[in-house]
Amino acid sequence: MANINEIIAPENLVYKKPELMNNVPMHYCPGCSHGVVHKLVAEVIEEMGMEEKTVGVCPVGCAVFAYRYLDIDWQEAAHGRAPAVATGIKRLWPDRLVFTYQGDGDLACIGAAETIHALNRGENITIIFINNAIYGMTGGQMAPTTLIGQKTSTCPYGRQADLHGYPLKMTELAVQLEGTCYVTRQSVESVAAIRGAKKAIRKAFEASMAGKGSSLVEIVSTCNSGWKLSPVQANEWMKEHMFKFYPKGDLKDTIK
């Protein structure tokens, strides 16, 4: 039988934490999708060899401390303004890989104008959009993406179209804009889904570096604390309800 030193030998390594991820405790709730997406972003940056030429932009929300976890250059932005900040960075340093990392409350509510106009201008940036259909950090309030019938702290009887309006499909809106080159919706609830999300992030990053235009990568995610569910229950609820309204897959791909 092999001894422990043989098992942990470098040539037997199957998987390891990306070098770009700092060894610090995460503030995200257990079962949250953010940590998985952070890992994918780190892996893609490493594989592209862009460690020294990447700038991430994170605004207010659950990902406000994203700069703690990935050892790249970061710029904090005011609530919703990440695409505007990213635009300035990319125009100043066109050789940089520039991306924003935003939740649905930040991107689709207070930042809706910045998001739409940056995408429409065709800025060579990637917007990573974490959509868990709720305001996770501030107490589980209804977000623009909250589903019809979904209960939150500010619509305890469920979202009603006649009272609260309809859920906002930002990804479908992005498809209509002339400046977008790649628009996709992914998730990270399974190994297969994680692999698909990683490929999408890589494709978006490569498109932005090639000057093809704006890319939007939506990640349909869980918020088990906001949804008042266990991590396992949250995954099942997401697959049963969210994927019906937010179907996964590439919605636009004009990359040649």
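Overview of the structure. (Residues numbered from 1 in each chain as written. Predicted model: local features only at pLDDT ≥ 70, side-chain atom pairs only at ≥ 80, totals over all residues. Heavy atoms only, no water.)

Turning our eyes to something else, we now look at the overall build of the protein chain. A tally of regular secondary structure across the protein chain gives ten helices and seven strands. Here the C-alpha atoms of the protein chain give a radius of gyration of 18 Å, agreeing with the 18 Å that 2.2 N^0.38 yields for 256 residues. Projected onto the principal axes, the alpha-carbon positions of the protein chain cover approximately 65 × 45 × 30 Å. Counting across all 256 residues of the protein chain, residues that qualify as buried make up 49%. For the protein chain, the accessible surface area stands at approximately 12000 Å², while carbon and sulfur atoms represent 56% of it. Across the protein chain, the 26 positively charged side chains and the 26 negatively charged ones have centroids separated by 4 Å. (Helix = DSSP H or I, 4+ residues; strand = E, 2+ residues; numbered from the N terminus. Rg over C-alpha atoms; globule rule 2.2 N^0.38 Å. Buried < 20%, exposed > 50% of the residue type's maximum accessible area, 1.4 Å probe, protein only. Areas by Shrake-Rupley, 256 points an atom, 1.4 Å probe, with all protein chains shown as cover. Lys, Arg positive; Asp, Glu negative; His and termini not counted. Charge placed at Lys NZ, Arg CZ, Asp CG, Glu CD.)

So, about empty space enclosed by the protein. Taken as a whole and judged by the stated rule, the model has one cavity of 30 Å³ or more. Empty space within the largest cavity amounts to approximately 40 Å³. Lining the largest cavity, in full, are His38, Val41, Ala66, Leu70, Trp74, Phe99 and Tyr101. The set of elements that each furnish at least two residues to the lining of the largest cavity consists of helix H2 (34-48) and strand S3 (97-103). Along the lines of polarity and charge, the residues of the lining of the largest cavity split into six nonpolar, one polar and no charged. (1 Å grid on protein atoms, 1.4 Å probe; cavity = no way out; pocket = protein on both sides within 12 Å on 5 of 7 lines; lining within 4 Å. Points joined across faces, edges and corners; volume = space filled by probe spheres on them. Nonpolar A, V, L, I, M, F, W, Y, C, P; charged D, E, K, R; others polar.)

Before going further, it helps to spend a moment on the side chain of Ser208. One can find Ser208 in helix H8 (residues 191-209). The contacts of Ser208, once residues within four sequence positions are left out, are Lys90, Leu97, Asn124, Ile125, Thr126 and Gly213. (Contact = heavy atoms within 4.5 Å.)

What follows deals with the packing of aromatic side chains. Here the structure, examined in full by the defined rule, presents six aromatic pairs. Residues Phe99 and Phe205 carry aromatic rings whose centres are separated by 5.5 Å and whose planes lie at 40 degrees to one another, so their mutual orientation is tilted. Of the two residues, Phe99 is situated in strand S3 and Phe205 in helix H8; the sequence distance between them amounts to 106 residues. With respect to burial, Phe99 and Phe205 carry one shared label: buried. Between Trp227 and Trp237, the aromatic rings sit 4.7 Å apart at their centres with planes inclined by 55 degrees, giving tilted as the arrangement. Highlighted residues: Trp227 in helix H9 (residues 224-227) and Trp237 in helix H10 (residues 231-245), separated in sequence by ten residues. Taking relative accessible area as the criterion, Trp227 reaches 11% and is therefore assigned buried. Judged by relative accessible area, which is 22%, Trp237 ranks as partly exposed. Stacked on the ring of Trp93, the Lys or Arg Arg96 has its end atom at 5.1 Å from the ring centre. (Phe/Tyr/Trp six-rings, centres within 6.5 Å; stacked < 30°, edge-to-face > 60°. Lys NZ or Arg CZ within 6 Å of the ring centre and 35° of its normal.)

Taken in spatial order, the seven strands line up as S2-S1-S3-S4-S6-S5-S7 in an open sheet, and their pairing is mixed. The two strands at the open ends of the sheet, each matched to only one other strand, are strand S2 (73-76) and strand S7 (249-253). Direction aside, neighbouring strands of the sheet carry axes that sit 15 degrees apart on average. Of the strand pairs in this sheet, strand S1 (residues 54-58) and S3 are connected by four bridges, and their pairing is parallel. For Gly56, the partnering residue across the bridge sits in S3 and is Phe99. (Pairing = 2+ DSSP bridges. Axes fitted to C-alpha atoms, helices over the stretch in contact; angles between N-to-C directions.)

So, about the layout of surface pockets. Computed from the structure, the largest pocket encloses a volume of approximately 220 Å³. Along the wall of the largest pocket there are 21 residues; nearest its centre are Val60, Gly61, Cys62, Gly103 and Asp106. Elements with a minimum of two residues in the lining of the largest pocket: S3 and helix H4 (104-110). Here the residues of the lining of the largest pocket sort into ten nonpolar, nine polar and two charged.

With that settled, the discussion passes to the pattern of salt bridges. One pass over the structure, following the stated rule, counts 15 salt bridges. Linking Glu114 and Arg81 is a salt bridge whose minimum nitrogen-to-oxygen distance equals 3.5 Å. Here Arg81 lies in the loop between S2 and helix H3 (82-92) and Glu114 lies in helix H5 (residues 112-121), a separation of 33 residues in the sequence. Judged by its relative accessible area of 31%, Arg81 is partly exposed. With its nearest N and O atoms 3.7 Å apart, the salt bridge here joins Glu189 to Lys248. Placement of Glu189 in the loop between strand S5 (180-187) and H8 and of Lys248 in the loop between H10 and S7 is noted, with a sequence separation of 59 residues between them. Because the salt bridges share partners, they merge into one network encompassing Glu43, Glu47, Lys198, Arg202 and Glu206. (Salt bridge = Lys/Arg side-chain N within 4 Å of Asp/Glu carboxyl O.)

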